[in-house]
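So the chains spell out like this:
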Amino acid sequence: MSNYQFYLLDRQGRTARPPRIAPFMDDAAALAEARKALGDQTIEIWQGERCVATLLHMQKAA
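Rules behind the numbers
- Residues numbered from 1 in each chain as written.
- Predicted model: local features only at pLDDT ≥ 70, side-chain atom pairs only at ≥ 80, totals over all residues.
- Heavy atoms only, no water.
- Helix = DSSP H or I, 4+ residues; strand = E, 2+ residues; numbered from the N terminus.
- Polar contact = N/O pair within 3.5 Å; in protein donor to acceptor, adjacent residues only side chain to side chain.
- Pairing = 2+ DSSP bridges.
- Axes fitted to C-alpha atoms, helices over the stretch in contact; angles between N-to-C directions.

Chemist: With reference to specific residues and values, describe the environment of Asp 26.
Modeler: Inspection of the secondary structure puts Asp 26 in the loop between strand 2 (20–24) and helix 1 (27–36). Along the primary structure Asp 26 and Leu 56 are separated by 30 residues, whereas in three dimensions their C-alpha atoms are 20 Å apart. For Asp 26, the side chain forms a polar contact with the main-chain nitrogen of Ala 28, separated by 3.3 Å. Here the side chain of Asp 26 touches Ala 29 through a polar contact of 2.9 Å, landing on its backbone nitrogen.

See the structure below:
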């Protein structure tokens, strides 16, 4: 198990608050958890100094 950090980003791409840290078996498990919480925000997933992924929020069409 490794600790992963989940950063919520604001619309300017800055961290909106301190990261949530949680242990996962691998990148796939961390990505699955982040997708559940994605909603209307952008999430960066890090494992130590390695950026695993950036999940972009989807804006609704007008």
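Here the narrative resumes.
Chemist: Tell me about the sheet that holds strand 4 (residues 50–55), and name the residues and values.
Modeler: One open sheet accounts for four strands, arranged 2-1-3-4; its pairing is antiparallel. Looking at which strands have only one partner, the edges of the open sheet turn out to be strand 2 and strand 4. Going across the sheet, the axis of each strand differs from the next one's by a mean of 25 degrees, ignoring polarity.

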